[in-house]
Amino acid sequence: MSGSVERLRTVSVSARKLFAMIVREAYHGTIHPKPKGVATPPEILEACGLDVGEFYCLLNELKAAGLIRVSNAYPFEEIQLSPEAADAESWAEKCTRENIPLEDAFVRLS
């Protein structure tokens, strides 16, 4: 998980919270059918309660840090973990197995 941790240390706490939500929705989200590992803005916005402007500002912060990639144009955007942050999927699975909140792992980096 070292690649993701180092990149997460460079972003704000709010961006880390959004990243945790993206990881959760990309692998266990409510919108189906969609490819595994893909999150969409509507499902994330519904789950996190951010306003649209703040969401896109934090999304840009995560993109700049190399944690995510966004493909397709609005309103069909798809958000995926970057190859450099792909270890976050296994980290999230471990958290799920060990009953550790994703926020502890991705926000507090503990």
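For the structure, see preceding data.
So, a few notes on the structure that sits alongside this text. (Residues numbered from 1 in each chain as written. Predicted model: local features only at pLDDT ≥ 70, side-chain atom pairs only at ≥ 80, totals over all residues. Heavy atoms only, no water.)

Some points on the pairing of strand 1 (residues 68-71)
Where strand 1 lies against strand 2 (residues 78-81), four bridges are found, and the strand directions are antiparallel. Bridge pairing links V70 to I79 in strand 2. In sequence, strand 1 turns back onto strand 2 through a hairpin of six residues, with N72 there showing a positive phi of about 70 degrees. (Pairing = 2+ DSSP bridges. Helix = DSSP H or I, 4+ residues; strand = E, 2+ residues; numbered from the N terminus.)

Observations concerning unusual backbone geometry
P75 follows Y74 through a cis peptide bond whose omega is 5 degrees. Residue position: P75 is located in the loop between strand 1 and strand 2. Despite not being glycine, N72 shows a phi value in the positive range, around 70 degrees. Located in the positive-phi region is N99, a residue other than glycine, with phi close to 55 degrees. Mapped onto the elements, N99 comes out in the loop between helix 5 (87-97) and helix 6 (102-106).

Thoughts on the nonpolar core
Ranked by internal contacts, the top residues of the largest apolar core, which has 33 residues, are F19, I22, L62, L67 and F106. At the level of elements, helix 1 (2-8), helix 2 (13-28), helix 3 (41-48), helix 4 (52-64), strand 2, helix 5 and helix 6 are the ones that each hand at least two residues to this core. Sorting elements by how many residues they give to this core places helix 2 first, with nine residues. (Core = buried A, V, L, I, M, F, W, Y, C linked by side-chain atoms within 4.5 Å. Buried < 20%, exposed > 50% of the residue type's maximum accessible area, 1.4 Å probe, protein only.)

Notes on helix 5
Burial in helix 5 covers these residues: A88, W91, A92 and C95. Across the axial projection of helix 5, the buried residues extend over an arc of 100 degrees, all falling on one side. The outward face of helix 5, more than 90 degrees from its buried face, is lined by the exposed residues T96 and R97. Following helix 5 by one or two positions, N99 has its phi on the positive side, about 55 degrees. (Arc of directions from axis to C-beta.)

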